[in-house]
Amino acid sequence: MNLNIVRYKHYGGVMTTDGEPTIIYWTFFELSNGKVIETQYFDYKNGNWNDLYFYYTDCYTFGEDFFDWWNRYMADDHEQDEMPKITKAEEELVELFWYKNIEKKREVATEIVYL
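Here we summarise the structure given alongside this text. (Residues numbered from 1 in each chain as written. Predicted model: local features only at pLDDT ≥ 70, side-chain atom pairs only at ≥ 80, totals over all residues. Heavy atoms only, no water.)

Okay, the environment of F66 next. Inspection of the secondary structure puts F66 in helix α1 (residues 66-75). When the C-alpha atoms of F66 and W26 are compared, they prove to be 8.7 Å apart, with 40 residues separating the residues in sequence. Setting aside residues up to four positions removed in sequence, F66 forms contacts with Y11, V14, M15, W26 and F28. (Helix = DSSP H or I, 4+ residues; strand = E, 2+ residues; numbered from the N terminus. Contact = heavy atoms within 4.5 Å.)

In structure tokens:
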């Protein structure tokens, strides 16, 4: 079975951190294996680096308000350490897509995009 991205929703920069100025961008991807992967992209404004993190999420509904998901996620006392790690193939697929299609226009939120 070929693994591919079925759809995604990019929310743009939805959070900032206290202290060091950092913008956090969230994107959700549905894969052809039925998994939904949440990415968090940390854009460190005082540094010359960025970080992209990958997690499964089992409580996201495509198109919902980001903060509805966030509040439900936080209220569920959900610990990311308890979720299984995404596979190397899933991470590579999403990472390549993110850097190729989202990074340069990360400030712009999207509707749900079907591929």
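That was the structure; now back to the text.
Ranked by size, the top nonpolar core spans 16 residues in total, and within it F29 and I37 carry the most contacts. Of all elements in the fold, only β1 (5-16), β2 (22-31), β3 (36-44), β4 (50-56) and α2 (88-101) reach the threshold of two or more residues within this core. When sequence neighbours within four positions are dropped, the list of residues in contact with F29 reads I5, R7, Y8, K35, V36, I37, T39, F62, V94, F97, W98 and I102. With 15 residues, the next largest nonpolar core counts Y11, M15, I24 and F66 among its residues. (Core = buried A, V, L, I, M, F, W, Y, C linked by side-chain atoms within 4.5 Å. Buried < 20%, exposed > 50% of the residue type's maximum accessible area, 1.4 Å probe, protein only.)

Checked against the element boundaries, E64 lands in the loop between β4 and α1. At 2.8 Å, the side chain of E64 forms a polar contact with the backbone nitrogen of T61. (Polar contact = N/O pair within 3.5 Å; in protein donor to acceptor, adjacent residues only side chain to side chain.)

Another point: the sheet that holds β2. Spatially, β4-β3-β2-β1-β5 is the arrangement adopted by the 5 strands of the open sheet, whose pairing is antiparallel. In the strand order of this sheet, the two ends are held by β4 and β5 (113-114), each with one partner. Of the strand pairs in this sheet, β1 and β5 are connected by 2 bridges, and their pairing is antiparallel. Pairing of R7 across the sheet is with Y114, part of β5. Running over the sheet, α1 touches β1, β2 and β3 and is turned about 85° from β1. (Pairing = 2+ DSSP bridges. Axes fitted to C-alpha atoms, helices over the stretch in contact; angles between N-to-C directions.)

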